[in-house]
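Structural features, examined
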Amino acid sequence: MSVAGADRNADLIVIHGRVLTMDGGNPVAEAVAVKDGAIIAVGSRAAIEELKGTATQVIDAKGGSVLPGFIEAHMHLFSGGAELAHLQLGGVHGFEALKKAIREYASTKPDAKMLVGQGVDYTVLGDERVTRHHLDAILPDRPFCMAAPDHHTMWANTKALEMAGILHGRALGPGNEIVMGDDGLAAGELREGEAFGPVLDLAGEGRVRLGLATGGEPDPMPSAAERAADRDIMRRGLAWCARHGITSIQNMDGNLYQLELLAEIDAEEGLPCRVQIPFHYKNFMTLDMLDKATVMTERYNSEWLSSGMVKVFYDGVLDSWTAVMIEPYADRPDWVGEPLFTPQQFIDLAVAVDRRGLQIAVHSIGDGAVRAVLDGYEAAQKANGKRDSRHRIEHIEVTTTSDVPRFAELGVIASMQPPHPPGAMDFPLEPTVSRIGPARWPLSYAWRTLKNAGAHVVFASDWPVSPIDPILGIQAAVMRKPWADSDPDQSFSLWESLAAYTVEGAYAEFAEHRKGTLKSGYMADLVVLSADIEKTAPADLHKVRPVTTICGGKITYQA
Ligand SMILES: [Zn+2]
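Throughout this document, residue positions are counted from 1 along each chain, in the order its sequence is written. Confidence filtering applies because this is a predicted model: local features only for residues at pLDDT of at least 70, side-chain atom pairs given and counted only at 80 or more, and all residues used for totals across whole chains, interfaces and linings. In computing side-chain properties, one takes all heavy atoms of the structure into account and sets aside hydrogens as well as water.

Before going further, it helps to examine the environment of H16. The helix and strand labels rest on DSSP assignments: H or I over at least four residues marks a helix, E over at least two residues marks a strand, and numbering proceeds from the N terminus. Locating H16 in the fold gives a position in the loop between β1 (12–15) and β2 (18–20). For H16, a relative accessible area of 37% corresponds to the partly exposed category. Taking the C-alpha atoms as reference, H16 lies 8.9 Å from S44; in sequence the two are 28 residues apart. Every residue pair with non-hydrogen atoms within 4.5 Å of one another is taken to be in contact. Leaving out residues up to four positions away in the same chain, H16 has contacts with E30, R45, D60, A61, K62, G63 and G64. For every residue, the accessible area (1.4 Å probe, protein chains only) is compared with the maximum for its type, and the residue is labelled buried under 20%, exposed over 50%, or partly exposed between those bounds.

Right, dumping it as structure tokens:
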């Protein structure tokens, strides 16, 4: 055998699959060959088996779908990794069930400084709003707090409020609120990060939240042991991604510390997923602090770890009335929410970030926030000239007819989360649909309307806000039903949903020529599923499981 012949051999081949390449010119194939971290061929089983040598690893897809690795376009790796160890309260309803879950968890964590629950429905107690008194009746003597699935509201017991020093309230920035009771003491409900930050910090996971809470760095710098513990949290999160078929992560909070931890893992054993970490710009910062975003971008610039993005929150969420609406909330007629930036502040920020050549991603849930952010992007284009900026808007839960076409006009990416519409997956219809009101339903979570208007739509989970599983997201997107018969159908086809988790995700990170598609020369990032996803009934999609995840030619997960 000639040396040249040996060189042709693949490191790994996937055969006997239904390969959905997401490549328009060659949409379906049977097999894929990988060498040196890249795809070297996509084609028939016979053609690919010709590239098999004695050392070639063979993966039999057994007729299952083979897809480009999923690109998670909006998630929170560090906090998600930490929360995997918290009490999971999704699906728990009623006081007795809540009591049982919390007490059982508390008994397994006798030494925890603070007990934390996740994923509590806003309607866990039906129409009754949760107060510290409910939680005191469950756990009077140990600090306990629990977060709503959207992570924008928490509830704490009296012990936790006392220890955090907020039982008597505290002055907070706009959009944040410690809800006060008739007795002049905190009622237990804490709205937005400044309100519940002091409680969560008691859990000793303050470093996990920094990228979201302040965008700042740990102070003092963590000890070697703390860094090691934090790397393990990251590893746990990364493994969770790999087991769900994810090969690229666009993280939506960040700081230098997160990049350092990931770089350390990369140096030690290699990353199982490619990660982009943004600089998080908060409303108390000044524009010169964007220097740090530029430093992060220049320092971390590999195919595995990168930055290049500035993340911003313009508003809050509908369920706590902190999203910014153009017209008042349907169930609170005197209130439109309070933005975290003034429109002019945001315009100045957008112009400054865009001038640095960085991408901007802004959390904007209400139609007022969406409009203000589009205005900022338009101002940036006028000030700096039109370029391929691919600025993004995250969530877009409500928008307006006049703003829909501006996405395509301004080249703005619509980053949407199929699990989020009330009723689509885990979130109940109420209170959200009443907050929005029927007049705004037709343009709520309007994936289809935005796509039809020419916008690039990317899908994601916003994990840990929703379960990370892209297949659950695909199912939610395909099965989406309008809230009223007169509302437009916003569902996506299977292929459109797959594209929104692959090629469109690659586009969102300027990488559509290197990933998101199974094509010769592209990164060897792919996932093998347990069944043929095209032949699976929509209601059964959740049963389809990733069996092998491959990232950069390496197997990162095998069932
Ligand atoms: Zn998010």
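UniProt positions are given in the numbering used here, feature names are shortened, and annotations may be inferred rather than shown by experiment. Mapped onto the present numbering, the UniProt feature "domain: Amidohydrolase" (unreviewed entry) falls on residues 57–557. Along residues 57–557, the helical share is 33% and the strand share 17%, with 15 Å between the first and last C-alpha atoms.

Right, let's get into the sheet that holds strand β13 (residues 177–180). One open sheet holds the six strands; their spatial order is β9-β10-β11-β12-β14-β13, and the pairing between them is mixed. Both outer strands of the open sheet, β9 (87–88) and β13, are each paired with one neighbouring strand and no more. A pair of strands counts as paired when DSSP detects no fewer than two bridges linking them. The pairing of strand β11 (residues 144–147) with strand β12 (residues 153–156) spans three bridges and is classified as antiparallel. In the strand pairing of β12, C145 is matched with A156. In this fold helix α7 (residues 193–201) packs onto β10 (115–118), β11, β12, β13 and β14 (186–191), with an angle of close to 110° to the strand it touches most, β14. Orientation is described by lines fitted to C-alpha atoms, with helices fitted over the stretch in contact, and by angles between N-to-C directions that extend from 0 to 180 degrees.

Here we take up the coordination of the zinc ion. Within the protein, the zinc ion binds to H74 (NE2), H76 (NE2) and D462 (OD); these donor distances fall in the range 2.1 to 2.2 Å. Here a donor is an N, O or S atom found within 2.8 Å of the metal, or within 3.2 Å if the metal is Na, K or Ca; sites may look incomplete because water is not among the atoms. Taken in chain order, the donor set of the zinc ion reads H-x1-H-x385-D.

Attention now moves to the layout of surface pockets. We place a 1 Å grid over just the protein atoms. Points where a 1.4 Å probe fits but has no way out form a cavity, open points with protein on both sides within 12 Å along at least 5 of 7 lines form a pocket, and any residue with an atom within 4 Å of a point lines it. Grid points are joined across faces, edges and corners, and a volume is the space filled by probe spheres set on the points. Counted as a void, the second largest pocket has a volume near 470 Å³. If you trace the second largest pocket, you find 26 residues lining it, with Q88, P464, V465, S466 and P467 closest to the centre.

The residue after D219, namely P220, is reached through a cis peptide bond having omega 5°. As for its placement among the helices and strands, P220 is situated in the loop between α8 (206–213) and α9 (224–243). Put simply, E430 and P431 share a cis peptide bond, and its omega is 10°. Along the chain, P431 falls in the loop between β22 (413–416) and α15 (432–436). Although it is not a glycine, H395 sits at a positive phi angle of roughly 90°. With respect to the helices and strands, H395 occurs in strand β21 (residues 392–395).

For salt bridges, the criterion is a side-chain nitrogen of Lys or Arg within 4 Å of an Asp or Glu carboxyl oxygen. Going through the model one piece at a time under the given rule, you end up with 37 salt bridges. For R406, the salt bridge is made with D375, and the minimal N-O distance between the two is 2.7 Å. In this pair, R406 sits in helix α14 (residues 404–410) while D375 sits in helix α13 (residues 367–384), placing the two residues 31 residues apart along the sequence. The exposure class of R406 is buried, given its relative accessible area of 10%. We classify D375 as partly exposed; its relative accessible area is 33%. With a shortest N-O distance of 3.7 Å, K535 and D532 are connected by a salt bridge. Residues joined by salt bridges that share partners form a network here, namely R227, R231, D232, R235, E260, E264, E268 and E269.

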